[in-house]
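Inside the fold
The chain contents come next:
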Amino acid sequence: MTGAAELRSRTREFLAAHPPATTGRSEFLGARFDAGLAWVHYPAGLGGLGAARSLQAVVDAELEAAGAPDNDPRRIGIGLGMAAPTILAYGTEEQKRRFLRPLWIGEEVWCQLFSEPGAGSDLAALGTRAVRDGADGDWVVNGQKVWTSSAHIARWAILIARTDPDAPKHRGITYFLCDMTDPGVEVRPLRQITGEAEFNEVFLTDVRIPDARRLGPVGEGWKVAQTTLMNERVSIGGMRLPREGGMIGPVARTWRERPELRTHDLHQRLLTLWVESEVARLTGERLRQQLAARQPGPEGSGMKLGFARLNQEISGLEVELRGEEGLLYDDWTMRRPELVDFTGRDAGYRYLRSKGNSIEGGTSEVLLNIVAERVLGLPAEPRNDKDVPWKDLAR
C-alpha cells in the first residue's frame, strides 16, 4: 500500500527530476501522468499508483507549493469529471491507454452528447439512433443533441444513442465515444441569457462510429451512463473550495469593502447564506472522503441540489446589495468561451448564469426524486412507461 509519506517522497523526487521552472508545461504534465501522480487512485500505467483516493491531496499540495502547472481543470472538466471515470470503469484496456493520458494532459477536450430537445430531464427517452452497418460493423448515428458544453472546442464526445427501439426506453441504449471531427458532426452555438454561447446543439448525420469505440455492452448504455451522471453531479456540486470560495466570496468582499451598502435585512441574509455555504463546503469534503472508499452514489445529487440553490440565492443577494450597480452588465458580446468563469465577471453575469445551475447536470426536480428514492428510501414515483417498448411511447 502506498502511504502519505511515500507519496510525498515520490512527488519530491519527481519535482527534482522535472523542475517546474525549467520544464515545459506539456512535458511536465505528461511526465506527471507517467509517474502515476495524475490520479493516484487510478491503476499504475493509467496515471495512478493504485493508492487511496484521499492521498491525491498530498500530491497536489507538494506540486502547488513548488509552483507546478495544472492541467486547466475548468477547461477540461467534462473529460476529467465524466469521461475519465466512465472509461476507467467500462473501457477496454486499449481504450483506457488511448484516451486517458491525452484527456488528463488536456491535449484532447471532451464534451457530453446526452440531452436532446425531447429528452432532457427524461434522458432515457432519447431518440438519437445508432444502427449497425452489416458490411463493416460500424455504427451509423443520426440525431440531435442539445445543451452541449464545450462542443465547439471538443475533439471527443461521450455519446448515448438508441440501438434497440423495440426495448423499453432504459434498455435499448448503447454508449459510444464519438470523434467530433468526423464527417456528419455539426456544431451550432446556442446563445444564452448572458450573451455568450457557452452551450451548443449538435447535429449527427450518418456519423460512422467504429464498434471499437463502443463503451460497454450493446444495449447497456443506460447503466454506463449512470456512472457518468453520478460523477457529473459530484464534479459540479462537490468541488474542493477554500472558505469563502465560490459565489459567496465576491459578496463577502463587497460587504467588507462597501459599508455604505449595508442594511440590517441584507446582513441577516448574508449571514445565513455564509453559514449555508460553509456547511455545503464541509459536506463536500465529507463526500470526497466517502468517495475514497467507493464509487460515487446518489449523495452527489444532494450536493448538486444545494449548489444550484445557493448560487441562485447568493447571486440574487449580491445584485440587491449593489443596488443600481447590480443592474449593470459588463458585456453582451456574443462569444464562445472555453470555460465558465463565475468569479471573473460582474454581479449581473453571476446572477444570470446561475439560473442555469438548476437545469444543467440534472434538473433540481429530477435530483429531488433521486434523493427521495435512493437516499431517503421513499416510495418511487409511479412510472407507467418502464416496460413499454420505446417505439410505442407517446412523443
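Procedures and definitions
Residues numbered from 1 in each chain as written. Predicted model: local features only at pLDDT ≥ 70, side-chain atom pairs only at ≥ 80, totals over all residues. Heavy atoms only, no water. Helix = DSSP H or I, 4+ residues; strand = E, 2+ residues; numbered from the N terminus. Rg over C-alpha atoms; globule rule 2.2 N^0.38 Å. Buried < 20%, exposed > 50% of the residue type's maximum accessible area, 1.4 Å probe, protein only. Contact = heavy atoms within 4.5 Å. Salt bridge = Lys/Arg side-chain N within 4 Å of Asp/Glu carboxyl O. Polar contact = N/O pair within 3.5 Å; in protein donor to acceptor, adjacent residues only side chain to side chain.

Across its full length, the chain holds 11 helices and eight strands. The C-alpha radius of gyration of the chain comes to 22 Å, within 12% of the 21 Å expected for a compact globule of 395 residues. In terms of principal-axis extent, the alpha carbons of the chain reach across some 70 × 55 × 45 Å. Buried residues in the chain amount to 50% of all 395 residues. Here the analysis covers contacts within the chain between residues at least 6 apart in sequence; of these, 70% occur between residues at least 24 apart.

Scanning all chains against the criterion turns up 41 salt bridges. Measuring nitrogen to oxygen at the nearest pair gives 4.0 Å for the salt bridge that ties Lys 391 to Asp 166. Of the two residues, Lys 391 sits in the segment after helix H11 (364-375) while Asp 166 sits in the loop between strand S4 (156-162) and strand S5 (173-179), which places them 225 residues apart along the sequence. Glu 325 is the partner of Arg 258 in a salt bridge, and the nearest nitrogen-oxygen pair spans 2.8 Å. On the criterion of sequence distance, the pair formed by Arg 258 in the loop between helix H7 (248-257) and helix H8 (264-291) and Glu 325 in the loop between helix H9 (299-322) and helix H10 (347-353) is long-range, its members being 67 residues apart. Sharing partners across several salt bridges, the network here consists of Arg 258, Glu 260, Glu 318, Arg 322, Glu 325 and Arg 350.

What follows covers the side chain of Thr 86. Locating Thr 86 in the fold gives a position in helix H4 (residues 77-90). Engagement of the side chain of Thr 86 in a polar contact is seen with the side chain of Thr 228, the distance being 2.8 Å. Among all residues touching Thr 86, those that are not within four sequence positions of it are Gly 91, Tyr 175, Leu 215, Val 224, Thr 227 and Thr 228.

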